[in-house]
Amino acid sequence: MAQIPVFRMRRAVVHGLLGGYTLIAILPVLLIIMNSFKDRKAIFNHPLAPPGPATFSLIGYETVLKQGDFLSYFQNSLIVTVGSLFFILLFGAMASFALTEYRFRGNVFLGLFLALGVMVPIRLGTIGILEMMAKSGLVNSLFALILVYTAQGLPLACFVLSEFMRTVSADLKNAGRVDGLSEYVVFFRLVLPLVRPAMATVAIFSMIPIWNDLWFPLILAPAEGTKTITLGTQVFIGQFVTNWNAVLAALTLSLTPALILYLIFSRQLIRGLTAGAVK
Amino acid sequence: MGSLKLKGVRKSFGKFEAIKGVDLDIADGEFVVFVGPSGCGKSTLLRVIAGLEEHSEGNVEIDGRIVDALPPAKRGIAMVFQTYALYPHLSARGNMELALKQEGVARSDIDARVTEASRMLALDQLLDRRPAELSGGQRQRIAIGRAVVRQPSLFLFDEPLSNLDAGLRVNTRLEIARLHRLLKATIVYVTHDQVEAMTLADRIVVLNQGAIEQVGAPLELYRRPANLFVAGFIGSPRMNFVQGAAAAAYGAQTLGVRPEHLRLMGTGGTWQGEVSHVEHLGSDTFVYVDVPQTGTLTVRLDGEAVAAPGAKVSLSPVANQLHRFGPDGQRLAD
Amino acid sequence: MGSLKLKGVRKSFGKFEAIKGVDLDIADGEFVVFVGPSGCGKSTLLRVIAGLEEHSEGNVEIDGRIVDALPPAKRGIAMVFQTYALYPHLSARGNMELALKQEGVARSDIDARVTEASRMLALDQLLDRRPAELSGGQRQRIAIGRAVVRQPSLFLFDEPLSNLDAGLRVNTRLEIARLHRLLKATIVYVTHDQVEAMTLADRIVVLNQGAIEQVGAPLELYRRPANLFVAGFIGSPRMNFVQGAAAAAYGAQTLGVRPEHLRLMGTGGTWQGEVSHVEHLGSDTFVYVDVPQTGTLTVRLDGEAVAAPGAKVSLSPVANQLHRFGPDGQRLAD
Amino acid sequence: EDVTLTIESWRNDDLPIWQEKIIPAFEKANPGIKVVFSPTAPTEYNAALNTKLDAGTAGDLITCRPFDASLELFKKGHLTSVNDVAGMDTFNAVAKSAWSTDDGATTFCVPMASVIHGFIYNKDAFAKVGVDVPKTEEEFFAALEKIKKEGSYVPMAMGTADQWEAATMGYQNIGPNYWHGEDGRKALIAGKEKLTDADWVAPYQTLARWADYLGDGYKAQTYPDSQNMFALGRAAIYPAGSWDISVFNTQAEFKMGAFYPPVKKEGDTCYISDHADIAMGANAKSAHPEETKKFLAWLTSADFADIYANSLPGFFSLSNHEVKLQDPLAQEFVNWRGTCKTTIRSTYQILSRGTPNLENETWGASANVINGSETPEAAAKRLQDGLDSWYKPAP
Amino acid sequence: MSEPVHIRRPRRWHIAVFLAPALLVYTILMVVPLAETLRLSLFTEQDQVRSFAGLSNFATLFGDPRWAQAFWNALLNNIEFFCIHMAVQNPVGIALAALLSVPRLRGRAAYRTTIFMPTMLSFVVIGFIWKLILSPLWGVTPSIMAAVGLKWLFGPWLGQEDTALIAVSLVSVWQYIGIPMMLIYAALLSIPEEIIEAAECDGLIGVAQFWKIKLPLIMPAIGLISVLTFVANFNAFDLIYVSQGALAGPNFATDILGTFLYRTFFGHQLQLGDQHMGATIATVMFLIILSVVAFYLLVIQRRMRRYEF
Ligand SMILES: Nc1ncnc2c1ncn2[C@@H]1O[C@H](COP(=O)(O)OP(=O)(O)OP(=O)(O)O)[C@@H](O)[C@H]1O
Ligand SMILES: Nc1ncnc2c1ncn2[C@@H]1O[C@H](COP(=O)(O)OP(=O)(O)OP(=O)(O)O)[C@@H](O)[C@H]1O
Ligand SMILES: [Mg+2]
Ligand SMILES: [Mg+2]
């Protein structure tokens with residue numbers, strides 16, 4: 001049987017609209033990546049043309065890679081991001097479990113207290129944080145960054161995770177309790193595995209500001225050995241501001257890892273977001 | 001081991017009192033079924049026994065020990081939930097083993113117990129599957145297996161069959177009955193299914209609005225319901241209630257007659273009426289008869305009885321199967 | 001208006017064929033019930049009729065018009081979903097009116113239809129409440145009302161009562177029967193409840209694995225099931241199947257006897273066995289008898305029959321109520 | 001064991017030069033001391049540095065912005081006095097003034113370089129269009145007009161998007177000719193002249209006329225855009241800071257020349273902005289004060305002056321060592337020191353101490369005037385009002 | 001029968017154990033430093049001596065015409081910034097989500113992934129990319145617009161006072177649209193299929209279905225997104241800082257509270273940082289955000305109907 005024509009028409013329109021916006025979303029990024037492989041003249045004279053044999057050039061990448069240790073920057077970023085995410089997820093999940101699972105005095109207050117964190121930019125507390133880190137000798141260590149990002153990420157993580165924690169079947173937890181499992185075992189062995197998709201969601205939302213942050217790496221860990229990739233890129237952009245080959249190459253180098261990480265997480269993200277929906 | 005005693009147990013949710021003072025003694029090895037309309041507090045009471053809900057007043061005693069302050073894990077009970085509540089990320093075996101591992105039971109012992117339980121419940125083929133890969137009936141059996149391996153003195157079941165389809169329900173029901181015979185454990189079982197309650201229970205506890213209406217053996221409740229509520233609740237189709245003159249004739253405020261205890265005849269019966277609707281089930285026929293001044297009476301006839309809507313009929317109750325209730329709704333002495 | 005014809009309808013989900021060629025004629029005003037085990041394709045077929053699912057082959061004809069390419073709204077149907085699917089943000093009235101408004105029906109006409117439907121379903125008091133403020137049974141009535149106001153030629157019901165509790169279920173069932181008599185509309189009704197199917201249907205369609213096993217009036221299916229599948233599916237408790245020598249004695253591969261058609265006697269019956277389990281329902285007693293070489297046979301006895309596990313008993317089938325099936329599982333001529 | 005000194009700087013552009021030339025030279029002369037150049041993007045520098053100093057985690061050596069930003073650091077005790085650093089006598093008082101207390105008694109940073117403003121032009125373009133290097137304002141605008149008419153070049157490469165470009169390359173570049181360099185600047189500080197005086201409004205009026213000769217969409221044109229525009233040979237004239245020289249040297253494929261800001265009338269004295277821009281001080285909390293001092297002392301040496309000026313053409317040494325510049329364009333800029341009177345940017349000393357900040361306000365005013373969103377008179381009045389609101393010149 | 005006895009339950013230490021790590025890290029590293037900073041709004045500094053000033057900093061902020069003018073300008077711009085997000089980001093995000101949730105859509109994952117991508121990029125990159133793209137010099141936008149015959153519409157948007165804020169807001173919208181899209185998409189998916197099918201049967205399809213059925217049902221999600229957008233917008237700073245500089249040009253046309261605060265707190269170029277006034281602005285911002293969030297939580301969210309499906 002033929003498809004119902006109304007459906008077919010509708011779908012064509014839908015694809016048209018979605019495709020259109022997808023172009024808007026992706027074109028600027030493609031433009032940067034594309035031009036980073038062209039020579040200087042071509043970048044300026046034919047910005048919209050893809051690199052051809054005549055215009056292909058890797059000079060930008062040569063310039064950039066010669067200057068800094070991108071690999072080590074990338075590694076630092078990775079350690080900081082993954083480390084912070086680990087603590088955000090662990091601590092956030094524990095706290096939101098306590099807040100949603102148990103009724104106790106101060107429960108509501110603590111929930112609100114945690115929410116305050118999203119209302120003031122944490123940057124303002126920099127001096128206090130830096131003094132604290134200096135006192136504990138953590139300056140220029142990736143651990144300092146991990147701590148700060150953990151604190152910064154917790155409010156949102158608790159907020160989102162609480163929503164998901166509520167959806168874990170009470171019977172399931174009770175079954176565990178009746179089975180003789182302690183609260184810790186219930187949390188770690190039963191609840192945590194079940195909110196994994198939600199954790200992925202929180203991971204993505206928390207990852208963005210961490211990976212892209214410039215300020216705290218600059219203040220807390222600017223040393224060459226602890227420099228993150230965003231900070232590294234920023235230095236390049238400053239340094240080669242007129243050398244567009246280098247700038248475009250640096251931009252491309254810095255956005256690719258973020259995109260790769262995102263692609264890895266995105267499947268989980270969708271599952272997390274829609275976990276409640278598709279049972 | 002396995003006796004249970006409730007003393008003046010009350011439970012409030014905020015202002016709302018869900019359990020209004022329940023006293024109950026359950027002997028070791030007994031199979032007790034809680035029935036009652038939806039929202040009457042069956043689950044709440046079961047959860048109080050399990051320790052999942054803190055009761056507001058009274059005591060729960062298991063094996064002669066007051067367990068009010070003990071967390072569920074320490075009460076020596078096992079519970080099977082209506083939703084199965086299997087751990088979705090663990091295999092059937094993992095589900096059964098988790099509690100034992102956590103208790104630190106020796107590996108060999110764990111294996112022995114799981115093997116024993118899975119033999120008993122015919123789960124051998126399923127042990128490595130995850131819950132998502134199992135049918136409803138299989139899941140239910142795993143849930144029971146998970147309870148069994150812990151060798152508790154007291155089993156709590158909360159409507160374990162309500163999610164199953166008709167065929168499975170019958171099978172699993174028989175399996176639970178067999179299990180009870182085999183393990184000789186005490187079982188408290190919540191259901192709202194007539195057939196389950198009647199066929200499984202040693203004693204049935206009828207709850208209504210948080211209080212016990214009657215406790216007794218199934219046939220005792222069927223034969224001598226203590227009040228209108230129990231009379232209406234036990235038995236399917238529901239008991240017919242006749243009031244007014246017709247009841248007064250028998251010296252009662254309300255007269256109860258079960259559909260299976262009404263005889264249908266052409267003329268000369270106690271009540272005259274007109275057939276309003278007939279339902280043929282093959283094995284039975286339900287005839288709905290409109291009796292003026294009395295209302296619609298349901299008559300259950302065996303097999304494929306012939307009765308057409310509109311026909312004038314006469315009805316008689318079977319003599320010694322009448323239930324008489326006083327103005328307070330309580331049963332009158334026979 | 002209201003006739004429905006399915007011609008060679010097939011529906012695949014990817015590789016899996018959910019409907020494997022269904023031909024069916026439903027006359028105007030008929031009440032047809034689809035039954036079958038879970039996953040047999042009942043809902044899928046209903047959804048194909050509604051146009052919610054595109055079928056892969058064949059034609060659907062409503063009122064003699066092929067509607068394959070029409071969207072659901074244009075097919076002149078109304079559907080009542082298992083989950084009610086009420087619009088949670090609209091009042092009961094809003095739920096009923098929405099489709100009419102969308103069609104551009106005049107205000108006065110809308111009011112008239114809603115008033116009429118709510119009178120019929122006794123919804124007057126509920127019109128301004130939202131679904132969340134209604135009980136399950138009330139919600140179901142609103143869902144039916146929403147279908148009724150559209151005055152469709154064809155009603156589709158997908159297990160409308162499966163979410164209700166026992167008491168409500170009986171009432172709503174009676175209401176649907178009344179509705180059918182009143183509106184004289186064509187109804188296609190999906191259920192897996194025996195009682196609903198038997199009591200409501202003009203004709204029952206038994207589906208199995210995407211294909212029709214048998215179509216017929218309820219009592220016809222009960223009396224003369226066309227094959228083993230239908231025999232086992234219609235009737236509760238399930239029909240007993242006897243194979244081997246016992247069946248051969250009747251010239252059949254398999255012999256089917258319904259539990260209500262077995263007579264229990266001390267000695268001298270056709271089969272000898274031992275009572276393994278007895279279930280007392282009050283109104284009935286189910287006796288499970290282990291017969292060597294044949295398996296367990298279920299016997300349904302009226303009232304409170306006395307039978308103790310372990311007793312040696314003898315069983316005889318009622319003579320003209322035997323069902324004989326050949327090696328292919330098909331019914332043998334009587 | 002080696003001591004490691006860290007330098008805080010906003011000059012991330014200079015990273016390779018420090019790493020490849022300056023630091024090796026120092027380390028060779030001073031074994032046992034290692035130096036790390038750790039620059040921050042200019043936009044973040046002040047905020048990051050202040051935070052780190054407050055928390056005590058800043059590097060040993062601090063690159064000093066001129067005037068108040070550094071003075072404040074000294075007042076807070078973050079910087080130490082460099083009066084006792086060997087070789088400070090190679091700088092004259094003017095050079096030191098940008099990093100000394102108001103009374104001139106204490107200097108807290110060792111001056112490194114100054115930058116000079118002027119115009120760089122595309123010699124090929126001038127030849128093609130047939131214009132000569134303008135000496136007076138009239139000639140300047142005539143040349144612009146001619147280039148515009150001819151059509152193959154954008155007359156002047158400058159944008160207002162970044163604001164500071166308009167103020168620094170525009171207002172501060174041509175202004176000294178109107179307010180007579182140091183005379184005007186000092187009079188302003190003393191309160192004897194006002195920004196609303198004709199001499200101070202005039203540069204804005206001239207600036208407003210530039211709008212006609214800038215590229216399409218100059219309002220969204222950023223500083224790198226302007227650099228690229230000129231370097232790619234699309235523009236004829238580039239209002240420059242001398243630091244641009246090194247960029248253009250590597251990128252431009254045409255011959256370049258430079259001229260100082262044209263004067264009003266033939267024969268007028270010309271003034272140029274020779275602005276003390278960069279210096280280096282010692283973090284008071286440094287763990288290695290000795291080594292830090294050593295490094296500062298080295299900054300006063302002829303060696304350093306030579307390396308720095310030649311590896312960063314356009315940054316001119318403030319010391320009195322003779323430095324031979326290899327870059328002809330840079331040499332051209334330096335030569336103006338002989339022809340014209342020099343001054344520093346008018347807003348830097350004292351006048352940007354309060355809120356509103358005159359320097360920041362000047363950025364906005366310059367951009368607005370070119371964009372046409374504010375008249376020169378209104379802009380000047382706004383600046384003077386702002387200044388009056390907090391600045392009371394010493395009587 | 002013996003009287004019932006009352007037995008106390010043991011303390012639930014595990015609650016504290018679950019909460020402790022998060023509360024400790026959060027309090028020590030976030031709440032304390034921030035409170036410390038906000039406290040500065042009550043102090044002032046003269047010649048390196050800090051002294052208590054009561055509310056005088058607030059008096060300055062609102063009373064001194066220069067401060068007040070800058071503050072109101074930033075606040076109004078911020079409101080405009082927020083309004084543009086509400087008017088563009090959220091409707092378009094909702095529309096995209098609605099399109100994505102069309103049943104049996106091919107390539108759904110690819111669309112979703114791609115549209116979310118800009119959200120993953122850093123401000124530095126985004127600011128730079130869009131400056132390049134909108135730059136009249138590089139000419140990408142003019143040539144694209146010329147291709148569709150709209151060249152005459154092109155202008156140096158980021159540099160004109162009347163367009164700069166809109167342009168920057170739209171770039172921000174471009175960056176963040178993935179978030180409302182994803183959240184609404186999830187909300188739409190959680191509407192039971194059968195309600196949608198009931199609507200199909202009732203003749204509500206396409207746009208009518210969206211307006212009359214889906215939209216009312218996802219209202220809570222929209223409310224949540226609005227609040228999140230508000231909080232994010234009133235904390236925003238980076239994008240404008242990167243693309244328009246600390247002075248948020250042209251002529252402060254793109255100055256929002258975040259940039260105003262940053263400039264004041266940390267200083268800029270020759271302007272010295274003023275922690276006390278900065279803290280004052282931060283406190284005012286905090287109060288604005290807090291009051292809106294509280295209003296949402298206490299008034300709007302409570303009135304909003306949530307539907308259990
Ligand atoms: N956590 C709770 N908060 C408030 N009221 C509750 C809570 N749990 C149960 N109730 C109320 O207590 C009463 C008893 O609930 P319970 O779950 O025990 O009923 P039930 O007999 O198990 O019903 P069902 O047969 O529907 O499962 C109900 O009226 C219910 O609304
Ligand atoms: N969208 C789908 N994609 C793939 N398979 C499907 C889909 N919908 C249904 N099926 C399969 O088609 C078969 C028939 O499903 P259907 O829902 O019609 O069963 P049913 O008879 O209504 O069962 P139940 O009584 O459980 O409602 C099932 O095996 C089901 O798994
Ligand atoms: Mg219950
Ligand atoms: Mg179905």
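Rules behind the numbers
- Residues numbered from 1 in each chain as written.
- Chains lettered and ligands numbered in written order.
- Predicted model: local features only at pLDDT ≥ 70, side-chain atom pairs only at ≥ 80, totals over all residues.
- Heavy atoms only, no water.
- UniProt positions renumbered as here; feature names shortened; annotations may be inferred.
- Helix = DSSP H or I, 4+ residues; strand = E, 2+ residues; numbered from the N terminus.
- Rg over C-alpha atoms; globule rule 2.2 N^0.38 Å.
- Buried < 20%, exposed > 50% of the residue type's maximum accessible area, 1.4 Å probe, protein only.
- Contact = heavy atoms within 4.5 Å.
- Areas by Shrake-Rupley, 256 points an atom, 1.4 Å probe, with all protein chains shown as cover.
- Lys, Arg positive; Asp, Glu negative; His and termini not counted.
- Charge placed at Lys NZ, Arg CZ, Asp CG, Glu CD.
- Pairing = 2+ DSSP bridges.
- Phe/Tyr/Trp six-rings, centres within 6.5 Å; stacked < 30°, edge-to-face > 60°.
- Lys NZ or Arg CZ within 6 Å of the ring centre and 35° of its normal.
- Salt bridge = Lys/Arg side-chain N within 4 Å of Asp/Glu carboxyl O.
- 1 Å grid on protein atoms, 1.4 Å probe; cavity = no way out; pocket = protein on both sides within 12 Å on 5 of 7 lines; lining within 4 Å.
- Points joined across faces, edges and corners; volume = space filled by probe spheres on them.
- Buried area = accessible area lost by both parts, 1.4 Å probe.
- Polar contact = N/O pair within 3.5 Å; in protein donor to acceptor, adjacent residues only side chain to side chain.
- Nonpolar A, V, L, I, M, F, W, Y, C, P; charged D, E, K, R; others polar.
- Disulfide = S-S within 2.5 Å.
- Axes fitted to C-alpha atoms, helices over the stretch in contact; angles between N-to-C directions.

In the annotation of an unreviewed UniProt entry, the entry for chain E reads Sugar ABC transporter permease, and the organism field reads Dongia rigui. If you open the UniProt record of chain E and go to Sequence similarities (unreviewed entry), you find "Belongs to the binding-protein-dependent transport system permease family."

Caption draft 1: Region of the structure containing the overall build of chain D. Secondary structure summary: chain D contains 16 helices and 10 strands in total. The C-alpha atoms of chain D give 21 Å as radius of gyration, which agrees with the globular expectation for 395 residues (21 Å, within 12%). A principal-axis box enclosing the C-alpha atoms of chain D has dimensions of 65 × 50 × 35 Å. The buried share of chain D, taken over its 395 residues, is 64%. Restricting to contacts in chain D with at least 6 residues of sequence separation, those with at least 24 account for 76%. Accessible surface computed for chain D: about 14000 Å², of which carbon and sulfur atoms make up 50%. Mean positive and mean negative side-chain charge positions of chain D (36 and 52 charges, respectively) differ by 2 Å.

Caption draft 2: Structural detail: the pairing of strand E7 (residues 256–259) of chain D. Residue and element names in this part refer to chain D. Side-chain alternation along E7 places Met-256 and Ala-258 on one buried face and Gly-257 and Phe-259 on a second face that is also buried. Sheet topology note: the strand E4 (residues 110–122)/E7 ladder contains four bridges and is antiparallel. Note that in E7 the partner of Ile-120 across the bridge is Ala-258.

Caption draft 3: Structural detail: the packing of aromatic side chains. A complete count under the given rule lists 73 aromatic pairs over all chains for this structure. Ring centres of Phe-157 of chain B and Tyr-189 of chain B lie 5.6 Å apart, and the angle between their planes is 35 degrees; this geometry places the pair in the tilted category. Taken together, the residues Phe-157 of chain B in strand E7 (residues 154–158) and Tyr-189 of chain B in strand E8 (residues 186–190) connect sequence positions 32 residues apart. The exposure class assigned to Phe-157 of chain B is buried, which follows from its relative accessible area of 0%. Through pairs of rings, three or more aromatic residues link up here, namely Trp-18, Phe-26, Phe-37, Phe-295, Trp-298, Phe-304, Tyr-308 and Phe-315 of chain D. Positioned above the aromatic ring of Tyr-87 of chain C, the side-chain terminus of Arg-146 of chain C is 4.7 Å from the ring centre.

Caption draft 4: Structural view of the UniProt feature "domain: ABC transmembrane type-1" (unreviewed entry) in chain E. Residues given the UniProt feature "domain: ABC transmembrane type-1" (unreviewed entry) here are residues 75–298 of chain E. In this annotation, residues 75–298 of chain E is assigned 72% helix and 2% strand; the end-to-end C-alpha distance for the span is 24 Å.

Caption draft 5: The arrangement of the UniProt feature "transmembrane region" (unreviewed entry) in chain E in detail. Residue and element names in this part refer to chain E. When the UniProt feature table is mapped to this numbering, "transmembrane region" (unreviewed entry) covers residues 12–35, 79–102, 166–188, 217–234 and 277–299. End-to-end, the C-alpha atoms of residues 12–35 are 31 Å apart, and along that stretch the chain is 96% helix and 0% strand. What you have in residues 166–188 is 96% helix and 0% strand, and the ends, taken at the C-alpha atoms, are 30 Å apart.

Caption draft 6: Inspection of the pattern of salt bridges at higher detail. Per the counting criterion, the structure on display carries 64 salt bridges over all chains. In this structure, the salt-bridge partner of Arg-141 of chain B is Glu-175 of chain B, at a minimum N-O distance of 3.8 Å. Placement of Arg-141 of chain B in helix H4 (residues 136–148) and of Glu-175 of chain B in helix H5 (residues 166–183) is noted, with a sequence separation of 34 residues between them. A salt bridge links Asp-111 of chain C to Arg-107 of chain C; the shortest N-O distance between them is 2.9 Å. Residue Asp-111 of chain C and its partner Arg-107 of chain C are located together in helix H3 (residues 107–120), separated by four residues, close to a single helical turn. Residue class for Asp-111 of chain C comes out partly exposed when judged on its relative accessible area of 30%. A network of salt bridges, in which partner residues are shared, links Asp-284, Arg-300 and Asp-302 of chain B together with Asp-284, Arg-300 and Asp-302 of chain C.

Caption draft 7: The arrangement of empty space enclosed by the protein in detail. This structure, assessed with the given rule, holds 11 cavities of 30 Å³ or more. Considered as a void within the structure, the largest cavity measures approximately 140 Å³ in volume. Around the largest cavity, the lining comprises 18 residues; the ones closest to its centre are Asn-46, Leu-49, Asn-50, Ala-69 and Leu-73 of chain D. Among the elements of the structure, helix H2 (42–55), strand E3 (61–64) and helix H3 (68–75) of chain D together with strand E4 (271–272) of chain E are those that each provide at least two residues to the lining of the largest cavity.

Caption draft 8: Expanded view of the interface of chain A and chain D. Contact residues are listed per partner, giving 24 residues for chain A and 26 residues for chain D. Summed over both partners, the interface of chain A with chain D comes to about 2100 Å²; 59% of that surface belongs to carbon and sulfur atoms. One can count zero salt bridges joining chain A with chain D. Inspection of the chain A/chain D interface yields zero residue pairs in polar contact (both at pLDDT 80 or more). Looking at the side of chain A that touches chain D, the elements with two or more residues in it are helix H2 (40–45), helix H6 (126–135), helix H11 (215–220) and helix H12 (229–239) of chain A. If you tally residues by element for the side of chain A that touches chain D, the top one is H6 of chain A, at five residues. Along the lines of polarity and charge, the residues of the side of chain A that touches chain D split into 13 nonpolar, eight polar and three charged.

Caption draft 9: Broad picture of the state of the cysteines. Residue and element names in this part refer to chain D. This model, assessed by the stated rule, comprises two disulfides over all chains. Across the disulfide from Cys-270 sits Cys-340; the S-S distance is 1.9 Å. For the disulfide bridge between Cys-270 and Cys-340, the dihedral angle about the S-S bond is near -95 degrees, and by the sign convention the bridge is left-handed. With Cys-270 in the loop between E7 and strand E8 (271–282) and Cys-340 in the loop between helix H14 (328–339) and strand E10 (341–343), this pair connects stretches of sequence that are 70 residues apart. Taken as a pair, Cys-270 and Cys-340 share a single burial class, namely buried. Counting only the cysteines that form disulfides, in the order they appear in chain D, gives the pairing 1-2, 3-4.

Caption draft 10: Local environment of the interface of chain E and chain A. Contact with chain E, which involves 80 residues of that partner, is made by 87 residues of chain A. By the criterion of area lost to chain A, the three top residues of chain E are Phe-18, Met-120 and Trp-138 of chain E, representing 11% of everything that side buries. If you look at where chain E meets chain A, you find zero salt bridges. At the surface where chain E touches chain A, the tally comes to nine residue pairs in polar contact (both at pLDDT 80 or more). If you tally residues by element for the side of chain E that touches chain A, the top one is helix H1 (residues 13–39) of chain E, at 19 residues. The class makeup of the residues in the side of chain E that touches chain A is 62 nonpolar, 12 polar and six charged.

Caption draft 11: Up close: the sheet that holds strand E12 (residues 254–257) of chain C. Residue and element names in this part refer to chain C. Pairing within the open sheet is antiparallel, and its three strands lie in the order E11-E12-E18. Edge strands, defined here as strands with exactly one partner in the open sheet, are strand E11 (240–243) and strand E18 (322–325). The average angle at which neighbouring strand axes cross in this sheet is 25 degrees, direction not considered. Bridge count between E11 and E12: four bridges; the pairing is antiparallel.

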